[in-house]
Amino acid sequence: MTSSETPRRRTVPAVLAAGLLAAAALLVPALPAAAHDELVSTDPAAGATLESLPSQITLSYSADILTDAGATVIEVTDSAGASLANGAPTVSGTEVTQALAGPASGTVTVKWRVVSSDGHPIDGDFAFAVPAAAPTPTATATPTASASPAATESAAPSATSEATPLPAEDSSGASPLPWILLAVLLVIVAGVLVYVLASRAGRKTAGGDTTGR
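Peer 1: Account for the pairing of strand E7 (residues 121-130), naming residues and giving values.
Peer 2: Pairing of strand E6 (residues 106-115) with E7, which is carried by 10 bridges, proceeds in the antiparallel orientation. Each bridged residue has a counterpart across the sheet, and for Thr109 the counterpart in E7 is Ala127. Hairpin connection, E6 to E7: the antiparallel pair is bridged by 5 residues, and Gly119 has positive phi, about 85°.

Below you can see the structure in the form of structure tokens.
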């Protein structure tokens with residue numbers, strides 16, 4: 001072996017080692033990014049059209065989600081911007097559940113933010129559709145048949161019918177019975193006087209006839 005070959009053999013491993021170290025240096029920064037959790041699926045699925053608003057939505061991630069207070073935020077709004085979230089989201093391992101409530105119409109938008117298992121926050125959004133609620137039909141009032149003019153006229157008293165005269169009341173308010181009794185008494189007294197006078201006249205006439213004889 002010559003002396004020139006020995007440095008070359010020593011240089012090759014050194015170059016290979018330097019190349020491996022350079023490749024490792026390039027791969028190390030990429031490892032944390034690859035370790036970040038990501039959203040795997042949603043229920044309901046993004047872009048789905050449902051018959052009505054579900055009672056809850058579920059988001060599934062690639063790894064466990066941190067349960068620290070305020071780490072998980074779920075916003076659910078309808079097409080008018082009204083919130084449909086009912087209470088705080090629930091984290092269980094790789095799944096995050098958010099209860100829903102309220103009337104919904106049109107597009108329902110879900111915005112989420114969680115903290116992955118490596119402590120890195122991630123966020124995103126998706127949407128699904130709910131048909132608008134049909135308007136409640138207004139009950140139409142049935143018109144009530146009005147009474148015919150003839151029936152109305154027959155039911156009402158005739159203006160030309162003669163009213164039965166009521167007995168006149170004494171304006172003084174006193175009962176007429178004493179006056180009636182007084183009139184009867186006067187009639188009786190007058191009859192008695194006429195009878196007495198007639199009797200006396202008959203007696204005188206009878207006495208005159210006897211004296212003449």
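Peer 1: Please provide a residue-by-residue account of a nonpolar patch on the surface, values included.
Peer 2: A surface patch of nonpolar side chains, about 770 Å² in accessible area, is lined by Leu177, Ile180, Leu181, Val184, Ile188, Val192, Tyr195 and Val196. If you trace the backbone, Leu177 turns up in helix H4 (residues 177-212).

Peer 1: Now, about the sheet that holds E7: what can you tell me, with residues and values included?
Peer 2: Strands sit in the order E3-E6-E7 across an open sheet of 3 strands; the sheet is antiparallel. Either end of the sheet is taken by a strand with one partner, and the two such strands are strand E3 (73-77) and E7. Across this sheet, the average inter-strand angle for adjacent strands is 10°, counted without regard to direction. Strand direction decides the pairing type here: E3 and E6, joined by 5 bridges, are antiparallel. Residue Ile74 lies in a different strand from E6, and its bridge partner there is Trp112.

Peer 1: Hey, could you go over the side chain of Gln98 for me, with residue numbers and the actual values?
Peer 2: When you line up the elements, Gln98 lands in strand E5 (residues 95-99). The exposure class of Gln98 is buried, given its relative accessible area of 0%. Polar contacts involving the side chain of Gln98 include one to the main-chain carbonyl oxygen of Gly87, which spans 3.0 Å. Apart from residues lying up to four places away in sequence, Gln98 is in contact with Gln56, Ile57, Ile74, Val76, Ala85, Asn86, Gly87, Ala88 and Pro89.

About the thresholds
- Residues numbered from 1 in each chain as written.
- Predicted model: local features only at pLDDT ≥ 70, side-chain atom pairs only at ≥ 80, totals over all residues.
- Heavy atoms only, no water.
- Pairing = 2+ DSSP bridges.
- Helix = DSSP H or I, 4+ residues; strand = E, 2+ residues; numbered from the N terminus.
- Patch = residues over 30% accessible without salt bridge, like charges linked within 9 Å, V, L, I, M, F, W, Y side chains within 5 Å.
- Areas by Shrake-Rupley, 256 points an atom, 1.4 Å probe, with all protein chains shown as cover.
- Salt bridge = Lys/Arg side-chain N within 4 Å of Asp/Glu carboxyl O.
- Axes fitted to C-alpha atoms, helices over the stretch in contact; angles between N-to-C directions.
- Buried < 20%, exposed > 50% of the residue type's maximum accessible area, 1.4 Å probe, protein only.
- Polar contact = N/O pair within 3.5 Å; in protein donor to acceptor, adjacent residues only side chain to side chain.
- Contact = heavy atoms within 4.5 Å.

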